[in-house]
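# Remarks on the overall topology
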Amino acid sequence: MHTLIENLLAEAPVVLDGAMGTQLQARGLPIGACPDVWNVEEPDKVREVARAYAEAGSRIVLTNTFGATRIALERCGYGDRAAEVNRAGARLAREGAGAAALVFGSIGPSGAMLAMGEVEPEAVEAAFREQAEALAEGGAAGLVIETMSDLEEAVLAVKAAKSTGLPVAACMAYGSGKAGDRTMMGVTPEQAAEGLAAAGADVVGANCGPEMETMIAICARLKAAVDLPIWMKPNAGAPKLVDGQAVSPMTVEEFVQGSRELVVQGADFVGGCCGSTPDFIRALAEDFA
């Protein structure tokens, strides 16, 4: 086990942060715009989100770089500035978190369909490697591959991230299939856990996706499948737009109660995804204290 992960687990469960995109939207990011480019266009607002989560009790805060591979940034016209966007993302998160929390770099899907042959695997891995190296240069203490549906792409991301020497958590997004326990590409928790572990992930898990009850069941299956720490960041229900703002239908109390059950089922790292706010994380941190 990577030393940093071992040290963190000495005081488990480790409280993570909450949603990034909805927090930036609350600060003026237009819906549909690329959040990642705010690392260079609106740095103060990005820094503010990291600070809010660190002050709420997050021990790990993620960077605003979910869609910051060169491939994904092409649609925003920032493809050739990928390294800059990622370095800035790590720096801003570090500045916002200060000494209160560690910063892990967020790496999301490239947006290219490997299964459809839209891009060669080598090009995808190179894009992930460029992003991972830039996040490391910016000062990230670890890396998180998240919201993946294609296991092949997730494995490429893990291999690229591991080349930095930083600890790597790898998460898939479920919610498809009759029971909501498969990714959009049909991957089961067992297949994901085994494949990600074989690729070298230090931590495996799930984020976003289905309702809390389904995430609890997925957590138990991940724990049973591999002997690795488990990282869970469920949604706070499906966010709804109210007066132009994303509002979670789940109460803070319901989220904390569900998170307790995630820990019972084996989660070592727990935070929130879509719809969760610093208030959710504050309540979680207080409950786990």
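Along each chain, residue indices are assigned from 1 in the same order as the chain's sequence is written. Restriction of local features to residues with pLDDT of at least 70 applies here, the model being predicted, together with a cutoff of 80 or more for giving and counting side-chain atom pairs; totals for whole chains, interfaces and linings are based on all residues. Only hydrogens and water are set aside when side-chain values are computed; all heavy atoms of the structure are taken into account.

## Points about unusual backbone geometry
In this structure, the amide linkage connecting alanine 12 to the following residue, proline 13, adopts the cis form with an omega of 0 degrees. You will see that threonine 147, though not glycine, has its phi angle at about 55 degrees, which is positive. Relative to the helices and strands, threonine 147 resides in strand E4 (residues 142-148). For cysteine 208, which is not glycine, the phi dihedral falls at a positive 60 degrees. Runs of E in the DSSP output that reach at least two residues are strands. Runs of H or I that reach at least four are helices, and both are numbered from the N terminus. The residue cysteine 208 is located in strand E8 (residues 203-208) in this model.

## Side note on the sheet that holds strand E12 (residues 269-270)
Strand pairing requires that DSSP identify at least two bridges connecting the strands. Strand order in this open sheet of 8 strands is E1-E12-E9-E8-E5-E4-E3-E2, and the pairing throughout is parallel. Strands with a single pairing partner mark the edges of an open sheet, and in this sheet they are strand E1 (14-15) and strand E2 (60-62). Note: E8 against strand E9 (residues 230-234), 5 bridges, orientation parallel. Looking at the pairing, valine 204 lines up with isoleucine 230 of E9.

## Things to note about the packing of helix H7 (residues 121-137) against helix H8 (residues 151-162)
All axes are obtained by fitting lines to C-alpha atoms, using only the stretch in contact for helices, and the reported angles, taken between N-to-C directions, cover 0 to 180 degrees. Where H7 meets H8, the axes come as close as 8 Å, and the angle between the chain directions of the two elements is 45 degrees. Taken together, H7 and H8 sit at an angle that is classed as oblique. When the axes of H7 and H8 are compared, the crossing they make is right-handed. Contacts between H7 and H8 involve Pro121, Val124, Glu125, Phe128, Arg129 and Ala132 from the former and Glu152, Glu153, Leu156, Ala157, Lys159, Ala160 and Ala161 from the latter. For this scheme, ten residues count as nonpolar: Ala, Val, Leu, Ile, Met, Phe, Trp, Tyr, Cys and Pro. Four count as charged, namely Asp, Glu, Lys and Arg, and the remainder, Gly too, count as polar. For the contact of H7 with H8, the per-class residue count stands at 8 nonpolar, no polar and 5 charged. For classification purposes, an angle smaller than 35 degrees is called roughly parallel, one larger than 145 roughly antiparallel, one from 65 to 115 roughly perpendicular, and anything else oblique. Each crossing gets its hand from how the near helix is turned against the far one by less than a right angle, where anticlockwise is left-handed and clockwise is right-handed. By the convention used here, residues are in contact when the closest approach between their heavy atoms is within 4.5 Å.

## Regarding the side chain of aspartate 181
Tracing the chain through its elements places aspartate 181 in the loop between strand E6 (174-176) and strand E7 (182-183). Aside from chain neighbours lying at most four places away, what touches aspartate 181 is Tyr174, Ser176, Val187, Thr188, Pro189, Ile218 and Arg221.

## Describing the nonpolar core
To define a nonpolar core, start from buried Ala, Val, Leu, Ile, Met, Phe, Trp, Tyr and Cys residues and group those joined through side-chain atoms within 4.5 Å. A 1.4 Å probe rolled over the protein chains alone gives each residue an accessible area, and that area as a share of the maximum for its type sets the label: buried under 20%, exposed over 50%, partly exposed in between. Ile145, Met172, Leu196, Leu222, Met232 and Leu262 are the most contacted members of the largest nonpolar core, which has 79 residues in total. A per-element tally of this core places H8 first, with 8 residues. Sequence-distant contacts of leucine 196, that is, excluding residues within four places in its chain, are made with Leu151, Ala154, Val155, Val158, Ala170, Met172, Ala201 and Val204. The next biggest cluster of nonpolar side chains, apart from the first, holds 13 residues, and it includes Ile5, Leu16, Cys171 and Phe269.

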